[in-house]
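Residues per chain are reported as follows:
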Amino acid sequence: MPAKGKHRRPKSLSLSRGFAVAGTGGAALALPLIGAAGAHATGAPAAAPAVAPQAPAALPAAPVAAVQAAPATYTVVPGDYLSKIAAERHLSGGWEQLYADNREAVGSNPSLIHPGLKLTLGGAGRAAAAPAAPEADAKPAEQAAPKQERKQAGKAAPAQREATTGSRAQAPAEAPAAPQSAAGFVAPVSGGISTQYKVAGAMWSSGYHTGVDFIASSGTSVKAVGAGTVVSAGWSGSYGNEVVIRHADGKYSQYAHLSQLSVSSGQSVTAGQSIGLSGSTGNSTGPHLHFEIRTSPSYGSDLDPIAYLRSKGASL
């Protein structure tokens, strides 16, 4: 039986405490979870999509023009002839190709070249001229070209100038004028005689030498032996470049194998006047002057040239 006057409180406090503890415990348990979640959210950065840096677009390379050496140009000097130039310069195709490349400059007769004439060597004259590039484009192209090529091109021009200058320096000096006789006749050159008149030999179509050969290096000035009129001047087959002059007595003098002609047909000349330069054109074994005296302008009417000149008072 319960005691009187006593009221027992329900034990709700302990229950409340239990819930509080449980609540506190729950909070204690919840806080680490929330902290861990917060720590996870803070510590792991959001993965941004990786974007590779865009490479700059390659600029189009400026076209690199091939650096070519300037076309080789040769200046004709006294004593030159096409076959000699082609041989000394080792030109492919020989004098025929050299003539073909320079036909417009030389003219219809390949043997008539004169000092100062400009010749294009090595077939450069056949190449079609390339259109000139704009100046703005040419500069980048030149800068892009390899240094080695530019150096080689730079060396080509001095080499060319040296070749031209060297050729001028090697030009033989003009021979002194042959002494003129009182009668007005002179020797065609001052050199001696290498082959006499009428020397027999199978190398000549007539069986003998129809004139005399004077010693004359290529480029020696050849003189008219007497006053007269030029009846022919040009190419004459095996005689190469020749000049034939008719004199007042009706006789004709012939000068053959010339490398250059200084007169033309119909021209009047005086004794001792230069009519051309000696050479080795036509059927010739080397530079010399073949000289004849004839009774007509044609082959086969020869006279003794030395006897004729002496009869005219020429000093030989």
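Residues numbered from 1 in each chain as written. Predicted model: local features only at pLDDT ≥ 70, side-chain atom pairs only at ≥ 80, totals over all residues. Heavy atoms only, no water.

Asks: Which parts of the structure should I look at to understand the pairing of strand E11 (residues 289-294)?
Replies: Taking burial as the measure, the six residues of E11 include six buried ones, the bulk of the element. Going residue by residue along E11, you find Leu289, Phe291 and Ile293 tucked away on one face and His290, Glu292 and Arg294 tucked away on the opposite face as well. With three bridges joining them, strand E4 (residues 212-214) and E11 adopt antiparallel strand pairing. Within E11, the residue paired with Asp213 across the bridge is His290. Pairing of strand E8 (residues 252-261) with E11 involves five bridges; the strand directions are antiparallel. (Buried < 20%, exposed > 50% of the residue type's maximum accessible area, 1.4 Å probe, protein only. Helix = DSSP H or I, 4+ residues; strand = E, 2+ residues; numbered from the N terminus. Pairing = 2+ DSSP bridges.)

Asks: Where do I start with the environment of Gln260 in this structure?
Replies: Following the sequence through the fold, Gln260 ends up in strand E8. Sequence-wise, Gln260 and Thr281 are 21 residues apart; in three dimensions their C-alpha atoms are separated by 9.5 Å. In this view, Gln260 contacts Ile113, His114, Pro115, Ile275, Gly276 and Leu277; residues no more than four positions away in its chain are not counted. (Contact = heavy atoms within 4.5 Å.)

Asks: Help me understand the pairing of E8, please; the structure alone is not making it clear to me.
Replies: Here is the key point about a regular strand: its side chains alternate between the two faces of the sheet. E8 sits mainly inside the fold: 10 of its 10 residues count as buried. In this structure, the hairpin formed by strand E7 (residues 241-247) and E8 is closed by a connection of four residues, where Gly250 is found at a positive phi of approximately 90 degrees. Where E8 meets strand E10 (residues 274-278), three bridges bridge the pair, whose relative direction is antiparallel. Each bridged residue has a counterpart across the sheet, and for Gln260 the counterpart in E10 is Leu277.

Asks: Help me out: how do you make sense of the packing of aromatic side chains in this one?
Replies: This structure, assessed with the given rule, holds three aromatic pairs. Between the aromatic rings of Phe185 and Tyr308, the centroid separation amounts to 5.9 Å while the plane-to-plane angle is 80 degrees, which identifies the pairing as edge-to-face. Note that Phe185 is positioned in the loop between helix H6 (147-170) and strand E3 (193-195) and Tyr308 in helix H7 (residues 305-311), a separation of 123 residues in sequence. Here the two residues Phe185 and Tyr308 agree in accessibility, since each one is buried. Stacked on the ring of Tyr208, the Lys or Arg Lys198 has its end atom at 5.4 Å from the ring centre. (Phe/Tyr/Trp six-rings, centres within 6.5 Å; stacked < 30°, edge-to-face > 60°. Lys NZ or Arg CZ within 6 Å of the ring centre and 35° of its normal.)

Asks: Looking at this structure, I do not really get the side chain of Thr210. What am I missing?
Replies: Within the secondary structure, Thr210 sits in the loop between E3 and E4. You can call Thr210 buried: its relative accessible area is 5%. Not counting chain neighbours up to four residues away, the residues in contact with Thr210 comprise Tyr197, Tyr239, His290, Glu292, Tyr299 and Asp302.

Asks: Hey, could you run me through the environment of Gly234 in this one?
Replies: Inspection of the secondary structure puts Gly234 in strand E6 (residues 228-235). Judged by its relative accessible area of 11%, Gly234 falls in the buried class. On a C-alpha basis, the gap between Gly234 and Pro110 in space is 9.8 Å, while along the polypeptide they are 124 residues apart.

Asks: In this structure, what is going on with helix H3 (residues 94-101)? I would like to understand it.
Replies: Residue pairs spaced three or four apart in an α-helix point in one direction, given the helix's 3.6 residues per turn. Those residues of H3 lying buried are Leu98, Tyr99 and Asp101. Down the axis of H3, the buried side of the element spans an arc of 160 degrees, and every buried residue falls inside it. Turning to H3, the residues buried within the fold contact helix H2 (82-88), helix H4 (103-106) and strand E2 (118-120). (Arc of directions from axis to C-beta.)

Asks: Teacher, can you tell me more about the nonpolar core here?
Replies: The nonpolar side chains of soluble globular proteins are, as a tendency, buried together. Grouped together as the largest cluster of nonpolar side chains are 24 residues, with contacts concentrated most on Val243, Ile245, Tyr255, Ile275 and Phe291. Val77, Tyr99, Ile113 and Leu117 belong to the second-largest nonpolar core, a separate cluster that totals 14 residues. (Core = buried A, V, L, I, M, F, W, Y, C linked by side-chain atoms within 4.5 Å.)

Asks: Where do I start with unusual backbone geometry in this structure?
Replies: A negative phi holds for most residues other than glycine; trans holds for most peptide bonds. Phi is positive for His90, close to 55 degrees, though the residue is something other than glycine. Tracing the chain through its elements places His90 in the loop between H2 and H3. Classification of His90 by relative accessible area gives exposed; the value is 71%. Of note in the backbone geometry, His257 takes a positive phi value of approximately 65 degrees without being a glycine. On the secondary structure map, His257 appears in strand E8.

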